[in-house]
Amino acid sequence: MIDHTLPLLAQGYAWLPDLTRRRGPGPVRTRLLGKPAIALRGPDAVAFFYDEDHVRRRSALPEPVLSTLFGKGAVHTLDGEAHRARKALFVSLLQDAAGVAALARRVAQEWERSAKEWGDRSEVVFFDEVSVLLTRAVCGWAGIPLDDREARRTAEDLIAMVDGFATAGPRHWLARRARNRQEERIARLIEQARSEPGGPDDALHAVAAHRDADGERLDPRTAAVEVLNVIRPTVAVTWFAVFGAHALHRHPELRARLAGEDGGYGEDGAGGDYARAFAHEVRRFYPFAPFVAGLAPQDVHWQGETIAEGTLVLLDLYGQNHDPELWPRPYVFDPERFVGREPGRDELVPQGGGDAAADHRCPGEDVVLAALSTLLPRLARLGYEVPEQDLRIPLHRMPTRPRSGFVISGVR
Ligand code: HEM
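Rules of the game
- Residues numbered from 1 in each chain as written.
- Predicted model: local features only at pLDDT ≥ 70, side-chain atom pairs only at ≥ 80, totals over all residues.
- Heavy atoms only, no water.
- Phe/Tyr/Trp six-rings, centres within 6.5 Å; stacked < 30°, edge-to-face > 60°.
- Helix = DSSP H or I, 4+ residues; strand = E, 2+ residues; numbered from the N terminus.
- Buried < 20%, exposed > 50% of the residue type's maximum accessible area, 1.4 Å probe, protein only.
- Lys NZ or Arg CZ within 6 Å of the ring centre and 35° of its normal.
- Contact = heavy atoms within 4.5 Å.
- Expected span 1.5 Å × (residues − 1).
- Pairing = 2+ DSSP bridges.
- Axes fitted to C-alpha atoms, helices over the stretch in contact; angles between N-to-C directions.
- Donors = N, O, S within 2.8 Å, 3.2 Å for Na, K, Ca; no water.
- UniProt positions renumbered as here; feature names shortened; annotations may be inferred.
- 1 Å grid on protein atoms, 1.4 Å probe; cavity = no way out; pocket = protein on both sides within 12 Å on 5 of 7 lines; lining within 4 Å.
- Points joined across faces, edges and corners; volume = space filled by probe spheres on them.
- Nonpolar A, V, L, I, M, F, W, Y, C, P; charged D, E, K, R; others polar.
- Core = buried A, V, L, I, M, F, W, Y, C linked by side-chain atoms within 4.5 Å.
- Near = heavy atom within 4 Å.
- Polar contact = N/O pair within 3.5 Å; in protein donor to acceptor, adjacent residues only side chain to side chain.
- Parallel < 35°, antiparallel > 145°, perpendicular 65-115°, else oblique.
- Left-handed = near helix turned anticlockwise from the far one by under 90°.
- Salt bridge = Lys/Arg side-chain N within 4 Å of Asp/Glu carboxyl O.

1. Notes on the packing of aromatic side chains
Taken as a whole and assessed by the stated rule, the structure comprises 18 aromatic pairs. Ring centres 6.5 Å apart and planes at 70 degrees place the aromatic pair Phe-126 and Phe-406 in the edge-to-face group. In this pair, Phe-126 is assigned in helix 7 (residues 126–142) and Phe-406 in the loop between helix 16 (365–381) and strand 8 (407–409), connecting sequence segments 280 residues apart. Owing to a relative accessible area of 0%, Phe-406 belongs among the buried residues under this scheme. Following the ring pairs from residue to residue traces out a cluster consisting of Phe-243, Tyr-274, Phe-278, Phe-285, Tyr-286 and Phe-333. Over the ring of Phe-127 we find Arg-401; its NZ or CZ atom is 3.9 Å from the centre of that ring.

2. Overview of the environment of Leu-32
By secondary structure assignment, the location of Leu-32 is in strand 1 (residues 28–32). Spatially, the C-alpha atoms of Leu-32 and Pro-363 are 27 Å apart, while their sequence positions differ by 331 residues. Among all residues touching Leu-32, those that are not within four sequence positions of it are Asp-3, His-4, Thr-5, Leu-8, Trp-15, Ala-37, Leu-312 and Leu-314.

3. Overview of helix 12 (residues 237–250)
Taking 1.5 Å of rise per residue, the 14 residues of helix 12 would be expected to cover 20 Å, and the 20 Å separating its terminal C-alpha atoms lies within 8% of that figure. Most of helix 12 is tucked away: 12 of the 14 residues are buried. All of the buried residues along helix 12 are Val-237, Thr-238, Trp-239, Phe-240, Ala-241, Val-242, Phe-243, Gly-244, Ala-245, His-246, Ala-247 and Leu-248.

4. With respect to the sheet that holds strand 1
Across the sheet, four strands lie side by side as 1-2-7-4; this open sheet has mixed pairing. Lying at the two open borders of the sheet, with one neighbouring strand each, are strand 1 and strand 4 (292–295). Across this sheet, the average inter-strand angle for adjacent strands is 30 degrees, counted without regard to direction. Direction of pairing for strand 4 relative to strand 7 (residues 312–315): antiparallel, over a ladder of four bridges. Across the sheet, the residue bridging to Ala-293 is Leu-314, located in strand 7. Strand contacts of helix 2 (residues 15–23): strand 1, strand 2 (35–40) and strand 7, with the helix running at about 135 degrees to strand 1, the strand carrying the most contacts.

5. Looking at the coordination of the iron atom of the ligand
No protein donor other than Cys-362 (SG) coordinates the iron atom of the ligand, and that contact is at 2.3 Å. Within the secondary structure, Cys-362 sits in the loop between helix 15 (317–320) and helix 16.

6. Let's talk about the UniProt feature "binding site: heme" (unreviewed entry) in the chain
Following the UniProt record, the feature "binding site: heme" (unreviewed entry) maps to Cys-362 here. Classification of Cys-362 by relative accessible area gives partly exposed; the value is 24%.

7. Looking at the layout of surface pockets
Estimates place the volume of the second largest pocket at around 310 Å³. In this structure, the second largest pocket is lined by 16 residues; those nearest its centre are Gly-26, Pro-27, Leu-40, Arg-41 and Gly-42. Broken down by secondary-structure element, the contributors of at least two residues to the lining of the second largest pocket are strand 2 and helix 3 (43–49). When residues in the lining of the second largest pocket are grouped by element, the largest group, three residues, is from helix 3. Per-class residue counts for the lining of the second largest pocket are eight nonpolar, five polar and three charged.

8. What to know about the nonpolar core
The tendency in soluble globular proteins is for nonpolar side chains to be buried side by side. Counting 109 residues, the largest nonpolar core has Phe-126 and Phe-278 as the members making the most contacts within it. With residues near it in sequence (within four places) discarded, Phe-278 still touches Gly-244, Ala-247, Leu-248, Leu-254, Leu-258, Phe-333, Pro-335 and Leu-376. Of all hydrophobic cores here, the second largest spans 16 residues; its members include Leu-40, Val-46, Phe-49 and Ala-296.

9. Focus: the site of the ligand
With respect to spatial proximity, 29 residues lie near the ligand, and among them Tyr-50, Arg-57, His-83, His-360 and Cys-362 are the closest. Taking Tyr-50, its side chain carries an N or O atom lying 2.5 Å from an oxygen atom of the ligand. The side chain of Gln-351 places a nitrogen or oxygen atom 3.5 Å from a nitrogen atom of the ligand. Listed by contribution, the elements that provide at least two residues to the shell around the ligand are helix 5 (80–94), helix 11 (220–235), helix 12 and helix 16. Of the residues belonging to the shell around the ligand, the class tally is 18 nonpolar, eight polar and three charged.

10. As for the packing of helix 5 against helix 11
For any two helices packed against each other, one specifies the inter-axial angle together with the distance between the axes. Viewed as axis vectors pointing N to C, helix 5 and helix 11 meet at an angle of 40 degrees, and their least axial separation amounts to 11 Å. By the angle class used here, helix 5 and helix 11 are oblique. Pair helix 5 / helix 11 crosses with right-handed handedness. Each of Arg-86, Phe-90, Leu-93 and Leu-94 in helix 5 lies in contact with helix 11, whose residues at this interface are Thr-222, Glu-226, Asn-229 and Val-230.

11. Regarding the pattern of salt bridges
Tallied over the entire structure, the rule returns 33 salt bridges. Across the salt bridge formed by Arg-181 and Asp-157, the nearest N and O atoms sit 2.7 Å from each other. Taken together, the residues span a long stretch of sequence, with Arg-181 in helix 9 (residues 170–195) and Asp-157 in helix 8 (residues 148–163) at a distance of 24 residues. Judged by its relative accessible area of 35%, Arg-181 is partly exposed. What makes Asp-157 buried here is its relative accessible area of 3%. Each of the salt bridges in this network shares a partner with another, and the network as a whole consists of Glu-110, Arg-113, Arg-136 and Asp-148.

12. Some details on the environment of Val-162
With respect to the secondary-structure elements, Val-162 resides in helix 8. Considered as a pair, Val-162 and Pro-287 are 125 residues apart in the sequence and their alpha carbons are 14 Å apart. Ignoring anything within four residues of it in the chain, the contact list for Val-162 reads Leu-69, Arg-232, Ala-236, Trp-239, Phe-288 and Pro-399.

Structure (structure tokens):
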């Protein structure tokens, strides 16, 4: 079978759906990164994939992805007890309702401050502006000092790390340099935090104090990797915020209802119902994380198929979020799907499936929903125009976004 690494890089989000369409129903076999691979989707496949007897993460992620997106030694690459002990750190930081609400309040404050400035400019690129405001919010929350110049520079680095992970071109080298710069800076902050005991109760100090399954503290560089695994993906909510802006532009009839939500994110962790439904639909509809992958540690069996030891097993997140078996009219943007109804655990999987505490599922879903429930109603209430621009979202680019970055003008 021919290797599909190049078609994946060339076709991006369209690669796996295309292959699935051509091959017909059932799991799709292919080759990726020189290994035999199989792609699965659907709630049963999620349960299969997140069982460690079936799929392991160690050595599944290629070096170029670690050196840009996740960092070496990251929680993403651990299995078993080592994973559970490290994951507990993220769960305690990110699934604490008061902590998430505090972060959402910072997002709201930074929005107010930025939106005032937008009014003084003839036009702004929404993508760039949201990345800076989220950087200020999450760094303030996590205990990372930033002045205004550093905020813009840090936002550029955090965005670059995500933007450059799936390409071999200049964006990739930018991403590597950005990661090195930020790891070095944050490793110094970790050492400083350790030298001054009794510091504040924030993410930086929690990571500095964390002990792994072996009872040891993380070396400063790995600690920096994990601090970045909190702040980088929070800033990556920029992609979804811009997709939300795109959805509002395409569906002006949804604006009034979203604007009517107070957009508050209370201590109890509850966002407005429609804002939350809208955020779920943005996460379902728009392409961001394409799939997750791991290796079969032994011969395993999936619906009558043998998956040989060493096979790369892909869980097709984007495909599952557009599977007509699960989502009637999957290519229609419709927040109604989620009004008064939370999706099942293994049904909506933009950030992975399974259990966030025990498995590799993203621990940041509450943060994403809180940030979007804060940002999008405020955007819906903002007065602005959308001048002529290229709003196409190319599926071959990974990660993708509206080409223009979503320019708005006449903000009031
Ligand atoms: C911006 C939108 C986001 C998307 C699309 C996203 C997506 C994902 C995906 C697909 C995974 C892998 C799941 C797996 O391997 O099975 C993941 C893992 C992870 N995410 Fe997110 N995520 C987002 C936001 C966040 C946020 C806001 C945070 C933290 C504040 C976060 C922290 C993490 C961490 C630490 C992991 C590793 C979990 C583990 O390996 O156990 N993510 N995310």
